[in-house]
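# Coordinate analysis (summary)
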Amino acid sequence: MYYGVDYYPEHWPRERWNVDAQLMQEAGINLVRMAEFAWALLEPQEGHYEFDWLDEAIDLLGQHGIVTILGTPTATPPAWLCTTYPEIMRVTRDRQRVTFGMRRQYCPGSETYRRLSAQIVRAMAEHYAHHQQVIGWQLDNEFGCHDSTRCYCESCQQRFQRWAEERYKTLDALNQAWGTVFWSHVYNAWDEIPLPWSTGGVANPCLELDFWRFSSDQIAEYQAL
Ligand SMILES: [Zn+2]
């Protein structure tokens, strides 16, 4: 039976790691989860990976009978990434692009972010696939927390329009299902369909509901990647 905690060796000086491992061992802990927020250390520059520090932590913990679950670090895109690719930053309902300084700041539909996520995850998987002490993986961290499920950027709008077209096939069907005759919301072209941005009041509730469904699908797609 496993009894575990999350552990962030990168937050502590190396001379402390052995003390932590000893204390965890004495407490009966035999599993830690690590690295899910460590992208900046694992890939300090694009395409340049540094796993030595994590190898050392995993091996040290292993000597104390503690195995590891690794988290993919995609909940925390690092500063270099957000500076180089500002288009991956999520946009809020009032059409403000979030700035660097928190976590989960990414647009889950962004093709660029999906490519960069796949790169770091593949590099980690290739490095640790056969490591005896690594017994499992966590994908990302807390999908949706900090209200990060829904992104209101223009590329999400285009993907939402394609999603709606696949769902309803014709604009007549969409207009009927959404009741768009109300307040002259009738759409004559797919690219007229907005996201439920700040409207000065409420959005059409059918559009809002479908946007939530679309956003859920985007997260599920990202997780599958
Ligand atoms: Zn977006």
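Residues numbered from 1 in each chain as written. Predicted model: local features only at pLDDT ≥ 70, side-chain atom pairs only at ≥ 80, totals over all residues. Heavy atoms only, no water.

## Details of the packing of aromatic side chains
On inspection of all chains with the given rule, the structure shows 18 aromatic pairs. Centroid distance F51 to Y128: 5.7 Å. Interplanar angle 85 degrees. Geometry classified as edge-to-face. With a gap of 77 residues between them, F51 in the loop between α2 (39-42) and α3 (52-63) and Y128 in helix α5 (residues 111-128) connect regions that are remote in the sequence. Residue class for F51 comes out buried when judged on its relative accessible area of 8%. The class for Y128 is buried, based on a relative accessible area of 1%. Here the aromatic cluster, defined as three or more aromatic residues joined through ring pairs, consists of Y152, F160, W163, Y168, W178, Y187, F211 and F214. Positioned above the aromatic ring of W12 is the side chain of R16, whose terminal nitrogen or guanidinium carbon lies 6.0 Å from the ring centre. Directly above the ring of W212 sits R150, whose terminal nitrogen or CZ lies 3.6 Å from the centroid. (Phe/Tyr/Trp six-rings, centres within 6.5 Å; stacked < 30°, edge-to-face > 60°. Helix = DSSP H or I, 4+ residues; strand = E, 2+ residues; numbered from the N terminus. Buried < 20%, exposed > 50% of the residue type's maximum accessible area, 1.4 Å probe, protein only. Lys NZ or Arg CZ within 6 Å of the ring centre and 35° of its normal.)

## Side note on the coordination of the zinc ion
Taken together, the protein donors to the zinc ion comprise C107 (SG), C151 (SG), C153 (SG) and C156 (SG), at separations of 2.3 Å. Coordination at the zinc ion is tetrahedral, judged from the 4 donor atoms that bind it and the angles of 97 to 118 degrees they form at the metal. Each donor residue of the zinc ion belongs to the same chain, and together they define the spacing C-x43-C-x1-C-x2-C. With C107 in the loop between α4 (79-84) and α5 and C153 in the loop between β4 (134-138) and α6 (154-168), the pair connects residues that are 46 residues apart, well separated along the chain. The two residues C107 and C153 agree in class, both being buried. (Donors = N, O, S within 2.8 Å, 3.2 Å for Na, K, Ca; no water. Tetrahedral: all angles 85-135°; square planar, octahedral: opposite > 155°, others 65-115°.)

## Here's the deal with the domain arrangement of the protein chain
Here the domain parsing of the protein chain yields domain 1 (4-147) and domain 2 (154-224). In this complex, domain 1 contributes 15 residues to the contact, which on the side of domain 2 involves 13 residues. For the pair domain 1 and domain 2, the summed buried surface comes to about 1300 Å²; carbon and sulfur atoms form 54% of the total. Inspection of the domain 1/domain 2 interface yields 3 salt bridges. E154 is the partner of R95 in a salt bridge, and the nearest nitrogen-oxygen pair spans 3.9 Å. Summed over the shared surface of domain 1 and domain 2, the result is 7 residue pairs in polar contact (both at pLDDT 80 or more). (Domains from an automatic or database assignment. Contact = heavy atoms within 4.5 Å. Buried area = accessible area lost by both parts, 1.4 Å probe. Salt bridge = Lys/Arg side-chain N within 4 Å of Asp/Glu carboxyl O. Polar contact = N/O pair within 3.5 Å; in protein donor to acceptor, adjacent residues only side chain to side chain.)

## Let's talk about unusual backbone geometry
A positive phi angle is found at A35, which is not glycine, with a value near 80 degrees. In this structure, A35 sits in the loop between β2 (31-34) and α2. Of the residues examined, A35 reaches a relative accessible area of 0% and is grouped as buried. Positive phi, normally seen in glycine, also occurs at R95, with a value near 65 degrees. Tracing the sequence through the fold places R95 in the loop between α4 and α5. By relative accessible area, which is 45% here, R95 ends up partly exposed.

## A closer look at the sheet that holds β4
On the basis of which strands lie adjacent, the open sheet formed by 4 strands has the order β1-β2-β3-β4 and parallel pairing. Two strands lie at the open edges of the sheet, namely β1 (4-6) and β4, each paired on one side alone. Ignoring which end each strand starts from, the neighbouring axes of this sheet average 25 degrees apart. Both β2 and strand β3 (residues 67-71) contribute to a ladder of 4 bridges, which runs parallel. (Pairing = 2+ DSSP bridges. Axes fitted to C-alpha atoms, helices over the stretch in contact; angles between N-to-C directions.)

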